[in-house]
Structures are given as structure tokens and as C-alpha cells.
Amino acid sequence: MAAAVVVANGLKEQEKRAGGIDGPTNPMVTPLLTDLYQFTMAYAYWKAGKHSERAVFDLYFRRNPFGGEYTVFAGLEECIRLIANFKFTEDEIAFIQASLPSSCEIGFYDYLRGLDCSDVEIHAISEGFVVFPKIPLMRVEGPVAVVQLLETPLVNLINYASLVATNAARHRFVAGKSKLLLEFGLRRAQGPDGGIGASKYCYMGGFDATSNVAAGKLFGIPLRGTHSHAFVSSFMSPDEITEKSLKSADGSNVCEDFVGLVQAWLSKLKWSKLLGGIFGETNQSELAAFASYALAFPKNLLALVDTYDVMRSGIPNFCAVALALNDLGYKALGIRLDSGDLAYQSCEARKFFQAIEKEFGVPDFGRTSITASNDLNEETLDALNKQGHEVDAYGIGTHLVTCYAQPALGVVFKLVEINNQPRIKLSEDVSKVSIPCKKDATGYTGRKVILVDIMTGENEPSPKVGERLLCRHPFNESKRAYVVPQRVEELMKCYWPGRSGKDREELPPINLIRERCIKQLEQRCDLTT
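Residues numbered from 1 in each chain as written. Predicted model: local features only at pLDDT ≥ 70, side-chain atom pairs only at ≥ 80, totals over all residues. Heavy atoms only, no water.

As annotated in an unreviewed UniProt entry, the protein chain carries the name Nicotinate phosphoribosyltransferase and comes from Sesamum calycinum. Among the UniProt annotations of the protein chain, the heading Pathway (unreviewed entry) holds the following wording: "Cofactor biosynthesis; NAD(+) biosynthesis; nicotinate D-ribonucleotide from nicotinate: step 1/1." Listed in UniProt under the heading Catalytic activity (unreviewed entry), the comment for the protein chain reads: "5-phospho-alpha-D-ribose 1-diphosphate + nicotinate + ATP + H2O = nicotinate beta-D-ribonucleotide + ADP + phosphate + diphosphate". (UniProt positions renumbered as here; feature names shortened; annotations may be inferred.)

Structure follows, in C-alpha cells:
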């Protein structure tokens, strides 16, 4: 009983220390998720008696990805989850001891046992903000050995998250505000962690839903999905459908032969004045698949229409099923195109839907939703816009989640101050020279958009509204500008106060971060298209 009380008290103390923050979403994110040299440096710090010296590191990136002009900052919550729960287990310490040279003193492992992030202080730009090169995304301050151990996991958690969120935002910009964007990348992502992370951060970057069921459960992201070509080709004929009855949407009556109703509508379409001659005999196995899916999901029919022939079979078969559903008070969601000339097919499908609305008087049938997929990326979306199309939604996978155009953001973690003394890393490559000292970041806003983000030393006077200020590029002397801000915003906020006594900024839910990101893109990049 006494042992149980001790354990319970220990858990309460750990929860209090973590501020009630859950651990990382991915259980693989532990203090061991780091490079070996972080432990060798930590030991060397400890051996030299330097391990408790107060150090400040900046986490930032050097260039915007994809040849673009902005980046979306993502991954902060997972970093704070790690920091709040950073504690080595006995098993982990045993593994570290087995991995380091036997000459390492045993006292170092006792030091690791007592290690946590209670004396670490984190200031960061808010997740979902639009950020730019060289500006610190996170400022990590604490005992140098502890902060050194945090380097690799923090860089790892920010790198892909920010990259894929930026990729999502770029796709949203090209597609336009009015289009529905669906993330379909799980099967092509780099493993389960890549798939889960992609779904989370694509939603944060402006996508509307995901096909990833696990991500939907973990993060509350809306789910969307239809069926595959396999489902369509698995049927042979309508005769396979044994249960043909379907209750009307209001429950007032039952259609005993829904398949027969579908076939009747297909015959009407075939001899339609406006549609006559467009198609002849459609593929009956496809018709059976659509009818069967409608019987299972009468409120959620989104049919994949390119298994055989889009215009001569897929579209007519879908319309027959959709019209039969309409008779019973249901509304089909639409179609998905997954191959061929998406611009042409979408335009022809729209004409087909509009002709049905005109001839048969079915309200809004002409506006039936059209979804396009098939290895889409920024370039294909742009090409569709230039050609002209009738697509309402896009399902995007491979190029989105793998960040095919650029595999990494290039986040770095540099020491900028130790024991209140600024430190700098020099290089013949000027882009790799670090900017010394403990810094703050401030956003200057004009009448509509952000003018510039500036870095200042922590002890420099705070910028003021209406005050003319000369801003200089840190490495390019020819780049300078005077700005007079209408609004000044402190970008760095305290997300982990350690022992400083500062108030801790709360971590918002993902839907609020998504809203923040969309607003940021409009304000800071003028992406109002």
C-alpha cells in the first residue's frame, strides 16, 4: 500500500510539473529520440562541470521551401508535449550506459536520472503563424546539457510539420478558397508516422478533410472517403443485388425494388431529348456497384466514374442512381474523376448534370459536386485553372504528403548565448553564419498586411506604433527599408516558463490553429485569391 502511495504521489508531481500536458502523440518521441552526439556532448559538459551553465539556442530555418516566399510554422504543440514530459526511464538510462564508452563515470547516469525540463524556458512564435527565414521560431533557454539533448527531437518535430503545412497552404492558394481540399495521402506517406503527421498538418495548413481514420480520431479532423475501382469491378451485374429495398429519406414509404427504379431512370436518360446519342449501353457491373453503394449509403453517394468509360458509362450510371435516390428524398453527393483529361471531363459532366436538371426539373442537379484526384500537385491545379474546369473538390495525396518538390525544410538549432555572453557561428557561406545574442521577434503591420518581421536584442527598446524605423537585412547590406507600422505585434510568447514564474501561453486546439493559419496567410502574405 505504501509503495502504491509513493507511485501515486510521484505521478501527481510529474503531472504538476508537466502542467497537465499530455505526452507526445507518437510514443516513439522520447528522450532517446536524439542523435548519439547529443549524449556525448552532454557527458563532456558534465565532465567539465559546464552542464548547468545557462545557454540560449535559436531554432530557425535558412530558406523558404518550394522556392516560395513564406513558411507555415507547425509542430510546436508536439515540442511542448515532449518538454513537459521529458524524463528518462531506468531502461533508457541502461541503454545509454551500454551505448557510451565504459570510461564514462557512473555519476553521469545519476545526473540523467534527475534530469527534466523544469529549468528550461521556451519562447516561440505561435503555431500556425506565417514565418520567414532567420527569424527564431523557438528560443530555448536552460542548462546547456539539457537543451543540447533537446536539439534533435525539436528539429525533427518542427521540420516535417512546417514543411507539409506550408505545402498544404500552397495547394490551398492555387486551388482557391471556394474549393474543397481532401488529403488522400496515407497510403503514399513515409510510414505510419508520416501519414498521421501529414493529415494533421495538412488540415492545419488549410485542407478541409482527410481519408485517414486514425488522424480523424486523434485530432478530430473531418473524414471523407468514397470507394475504389476494386469495389466497382467486383460486381458482375445487377442480378447480384439480393436486398433491393430502400426506405425513403423521411421514412414514409419503402421502395421495394430500388435497382428497378435505377434501371428505369437509365432508360429515360438513354432516350432523353437533350442526352440522346451521348451514350448507348452502359456497363451493367458498374451500375450494380453504384446501386449497391447507394443502398448501403443513400445519403453519401460519391461515385468513382472512370473505371470503364466516364461519359459513356460512368456518368450515365451515376445519374440514374442519383435520380432514383432523388425520388426517395435523398441527394447524391457527386462523382470523382481519377484519370484522363480532368478539365474536359469535368466540363462535360457539368453539361450532363445541367441537361438533366433542365429536362427533368430536378432542382440543383446541375450543381452536383465533381471531385478530381489522380496524382495532383500545385502545377496540375494551376494548369486546370488555366484550361478552365468544373471541379468542386480535389483529393490530393502523394505530392502533398511526401513534399515531393522538396524533402526537408532545413531547420537548424544554434547556440546564440551562454552565461549572458553572445556566441556566433562563422562560415565562409554567409547564409550559415548565426546571429548572436538572445533575441525577440516583432511583426510590423501596415494598413492591411504585415510589412516586415524584425529581430531585436532582448534588452533593446520595444518598437512603437507610428515610429519610423530603419530595418536592415542581417547579411545583405543593400537590403534596407524604413517602415512606419500601424500595429506592432510581439511574436515570441512563453509556451514553457520553467522556473521563471512567467505565465504560460495555452496550446489551442487544431481547428483554432487552422483558422489562425488561414488568417495569417491573408494578413502576412496578402493571399486573398
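### Here's the deal with the pattern of salt bridges
With the rule as written, the count across this model stands at 29 salt bridges. Arg113 serves as the salt-bridge partner of Asp110, at 2.9 Å between the closest nitrogen and oxygen. With Asp110 and Arg113 both in helix H5 (residues 106-113), this residue pair falls three residues apart, about one helical turn. The exposure class of Asp110 is partly exposed, given its relative accessible area of 47%. Ionic pairing is found between Glu522 and Lys177, a salt bridge with its closest N-O pair at 2.9 Å. Separated by 345 residues along the polypeptide, Glu522 in helix H16 (residues 510-525) and Lys177 in the loop between helix H6 (144-175) and strand S6 (180-183) bring together distant segments of the chain. Relative accessible area serves as the criterion here: at 27%, Glu522 is assigned to the partly exposed category. Exposure remark for Lys177: the relative accessible area of 52% places this residue in the exposed category. Among the charged side chains, a network of salt bridges with common partners joins Arg54, Asp119, Glu141, Lys438, Glu458 and Arg499. (Salt bridge = Lys/Arg side-chain N within 4 Å of Asp/Glu carboxyl O. Helix = DSSP H or I, 4+ residues; strand = E, 2+ residues; numbered from the N terminus. Buried < 20%, exposed > 50% of the residue type's maximum accessible area, 1.4 Å probe, protein only.)

### Thoughts on the confidence of the model for the protein chain
Per-residue confidence for the protein chain averages 92 on the pLDDT scale, and 95% of its residues sit at or above 70. Confidence drops under a pLDDT of 50 for residues 1-17, and excluding neighbours within four residues, the segment shows four contacts in the predicted structure. (pLDDT = per-residue confidence, 0-100. Contact = heavy atoms within 4.5 Å.)

### Overview of the environment of Tyr111
Looking at the element boundaries, Tyr111 is found in helix H5. Among residues more than four places away in sequence, those in contact with Tyr111 are Trp46, His51, Ala145 and Val146.

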